[in-house]
Amino acid sequence: MFVTYSLSKIRAYALYRETVRELSRLSDRELADLGISRFHIASVARQAAVA
């Protein structure tokens, strides 16, 4: 059970980092088209990793 929990947390963190990396590569215009400000990238990435 602990191993499964640990692996799920590792996967969630990896997804978080990937999402942050991808969103950070976008221009401000592209982010605005998505309705995201650069300030909110971490928050959006956290929500994506948990969902």
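A brief structural summary.

With that settled, the discussion passes to the environment of Ile41. Following the sequence through the fold, Ile41 ends up in helix α3 (residues 41-50). For Ile41, a relative accessible area of 6% translates into the label buried. Linking Ile41 and Arg21, residues 20 residues apart in sequence, is a C-alpha distance of 9.3 Å. With near-sequence residues (within four places) excluded, Ile41 lies in contact with Val20, Leu23, Ser24, Leu31 and Ile36.

With that settled, the discussion passes to the nonpolar core. Membership of the largest hydrophobic core is limited to 8 residues, which are Tyr16, Val20, Leu23, Leu31, Ile36, Ile41, Ala45 and Ala49. Looking at this core, the elements that each hand over two or more residues are α1 (2-25) and α3. In this structure, Ala49 is in contact with Ala12, Leu15 and Tyr16, ignoring residues within four places of it in sequence.

Cut-off values and rules
- Residues numbered from 1 in each chain as written.
- Predicted model: local features only at pLDDT ≥ 70, side-chain atom pairs only at ≥ 80, totals over all residues.
- Heavy atoms only, no water.
- Helix = DSSP H or I, 4+ residues; strand = E, 2+ residues; numbered from the N terminus.
- Buried < 20%, exposed > 50% of the residue type's maximum accessible area, 1.4 Å probe, protein only.
- Contact = heavy atoms within 4.5 Å.
- Core = buried A, V, L, I, M, F, W, Y, C linked by side-chain atoms within 4.5 Å.

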